[in-house]
Amino acid sequence: MNIYADFAEKMLPLIKGSDLLSDLDADAQAALPLDRIVAEPPRDATHGDLATNAALLLAKGLRRKPRDIAEAIAKLLTEHADALQVQSVSIAGPGFINITLQPAVWQSIVQDVLTNGMDFGRTDLGQGEKINVEYVSANPTGPMHVGHCRGAVFGDALATLLSYVGYDVTREYYINDAGAQVDVLAQSAYLRYREALGEAIGAIPQGLYPGEYLKALGAQLADQYGSALLEMDEVEWLPLVKEAAISAMLELIRSDLDKLGVVHDVFFSERSLTADGDDRVAEMIADLSKRDLIYVGTLPPPKGKLPDDWEDREQTLFRSTRYGDDVDRALLKSDGSYTYFASDIAYHFDKYKRGFNRMVDVLGADHQGYLKRMTAAVTAISSENASLDIRFCQLVNLFRDGQPVKMSKRSGNLVTLADVVDEVGRDVTRFIMLYRKNDATLDFDFTKVLEQSKDNPVFYVQYAHARTHSTFAQAIEVFDEKIVSDLEKVDISILDDASEFALMRKLAEYPRIVEAAANFYEPHRIAFYLNDLASAFHGHWNKGKDLPQLRFIKDDNEKLTRARLALVLAVQIVLRSGLGLLGVDAREELR
RNA sequence: GGCCCCGUAGCUCAGCUGGAUAGAGCAGCGGACUUCUAAUCCGCAGGUCGUAGGUUCGAGUCCUACCGGGGUCACCA
């Protein structure tokens, strides 16, 4: 299915078996970078269908000029032209081998797409390996704001992508429901509860959550408990209110995620790590202690200017420096409770014990300081058997009509995720968030993302998809329903226009784009590819204006029309498949 | 001060992990609509890839140092 990989796979044995290597002893042969030999689409289409770097890579080991080696390989490819479906071979530049394939190769792509449907592009890269992708993990203290949005969409799309290429993916959300912040949440809710009972509470004190969203919870508590909570001491009401507050906030978050189309398989509670007398954080610390990775000691003061309240004191520390961290990290606070880092390690330990040797955490860019300690921790708790990859999502800057949208954190009036999705829609939000490398900041302009022009990639791609549908509708009008049936059986070999081949070549790239996107955890590659494919399709469409003989629908030639509709259908399928990986709806019409 | 990201056309960004003459979109200029929806397309113009070294057949991509922008920096959440 992947023409480029297939070609390299067929070419490699030919090179290995040729007399090019026969002068070398086994060691020298083993030293050749054969695994780096690839066949790729050339940057410039006039160079042919694919290009290989084989001669350049072998030059050093063979102690011969790249061009000489290229000559030899070109000869080899020509000799096996039929088996390789090669039409012509040429040598260019420093030693590139440019290859033009027989037209049938590209034509067969159309059939390939039609036969496999949404599975065209699916691979078994992951080979069923278990992988855990953790994303969002927003604290359950309020509705999700726009900052969470990017990580949510990124993580969700990444998980879909990894699943598509054969990993056994678990999508996970870690609920920070154990720390002081949920106590603050409960206190804030209690205030709203008193308010709901008619008390004048005045301004929300510094340090509590001021958001209006807690009013509903206050009212709910008033319904449920009447004035009973007023009679209690804080130690009594706090657990009750906390429980209600956390579950209310989670409900809020789930509804926000639902709006975005973001799903999780597992919601993992931090509190569960220490619940029911079973302290898994302590177990983790005990486990690391056995391997001499825990000690009590002091840390060197941070470089630069010291915090005002810095004091040198003994702490229980994890020896993260052994695995590449800059300093060792504290696991216990001065009051004896666990640090968040300690819980996080225990949580990742749990993931490991559940069979995940590959983990991905999607975090906001403000957590970048976390990278070394957390990867060190995973390496340690798994005895170097598991790996953690952390992907950071950079900030999203909001604009409206080119003007920055002001947000005030103090008043609690942040732009929420729900605000964004309600205004521009799920598809637009998701696509724009993914139409950028995750570690680059993103400008999100409410006005621009709704524009219906090619300036707006969401629209541009969806419009291409809608066009394929309108083409079908038109074809049925000109002929009848049968014109679009069983298109996978159509003879594609009558398609011979250069512009049609350009489209087929673009389709052929899809599997390797998917694979690269999955390999590098970069779903944005799919988004950019879709934009390219849409562009190729719009371009081809418009050729039909200047050259009517290229139009998809020829009312006097059913056979040709069907062949062209097969190509259109292939484009439609790949657009829908790619959009599906991003979690964006492929709309059939845009009006 | 340490660490982590970013720096590519006037603007917003890609660049397939080291390959050929660095690519798109927008903005600018010039063209194509009695249409298979012109919500689109075609062409022109636009660059010392932050700077300086290094690695090698070859660097936007890797290494080092600096410059500029952002983030982060004991027990925080």
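Just so it is clear, the model here is predicted, and its values are computed rather than measured.

### A short note on unusual backbone geometry
Part 1 of the reasoning: Even without glycine at this site, Val136 takes up a positive phi of about 75 degrees.
Part 2 of the reasoning: When you line up the elements, Val136 lands in the loop between β5 (130-134) and α7 (146-164).
Part 3 of the reasoning: A residue is classified by how much of its surface remains accessible, and Val136, at 14% relative accessible area, is buried.
Part 4 of the reasoning: One non-glycine residue, Asp292, lies in positive phi territory at about 60 degrees.
Part 5 of the reasoning: With respect to the secondary-structure elements, Asp292 resides in the loop between α12 (280-290) and β8 (294-297).

### Considering helix α13 (residues 340-353)
Part 1 of the reasoning: Given a rise of 1.5 Å per residue, 14 residues ought to cover 20 Å, and the 20 Å separating the end C-alpha atoms of α13 matches this to within 8%.
Part 2 of the reasoning: With 11 of 14 residues buried, α13 is to be regarded as a mostly interior element.
Part 3 of the reasoning: All buried positions along α13 are accounted for by Phe341, Ala342, Ser343, Asp344, Ile345, Ala346, Tyr347, His348, Phe349, Asp350 and Lys351.
Part 4 of the reasoning: Just downstream of α13 lies Gly355, where phi reads positive at about 100 degrees.

### Quick notes on the pairing of strand β4 (residues 96-101)
Part 1 of the reasoning: Strand direction decides the pairing type here: strand β2 (residues 50-52) and β4, joined by three bridges, are antiparallel. Each bridged residue has a counterpart across the sheet, and for Thr52 the counterpart in β4 is Ile97.
Part 2 of the reasoning: Hairpin connection of strand β3 (residues 86-92) to β4: three residues between the antiparallel strands, including Gly93 at a positive phi of 55 degrees.

### Regarding the side chain of Arg329
Part 1 of the reasoning: When you line up the elements, Arg329 lands in strand β10 (residues 329-330).
Part 2 of the reasoning: In this structure Arg329 comes out as buried when scored by relative accessible area, which is 17%.
Part 3 of the reasoning: Here the side chain of Arg329 touches Asp325 through a polar contact of 2.8 Å, side chain to side chain.
Part 4 of the reasoning: For Arg329, the residues in contact, after removing those within four places along its chain, are Thr316, Leu317, Phe318, Ser320, Phe341 and Arg373.

Each value, and the rule that gives it
- Residues numbered from 1 in each chain as written.
- Chains lettered and ligands numbered in written order.
- Predicted model: local features only at pLDDT ≥ 70, side-chain atom pairs only at ≥ 80, totals over all residues.
- Heavy atoms only, no water.
- Helix = DSSP H or I, 4+ residues; strand = E, 2+ residues; numbered from the N terminus.
- Buried < 20%, exposed > 50% of the residue type's maximum accessible area, 1.4 Å probe, protein only.
- Expected span 1.5 Å × (residues − 1).
- Pairing = 2+ DSSP bridges.
- Polar contact = N/O pair within 3.5 Å; in protein donor to acceptor, adjacent residues only side chain to side chain.
- Contact = heavy atoms within 4.5 Å.

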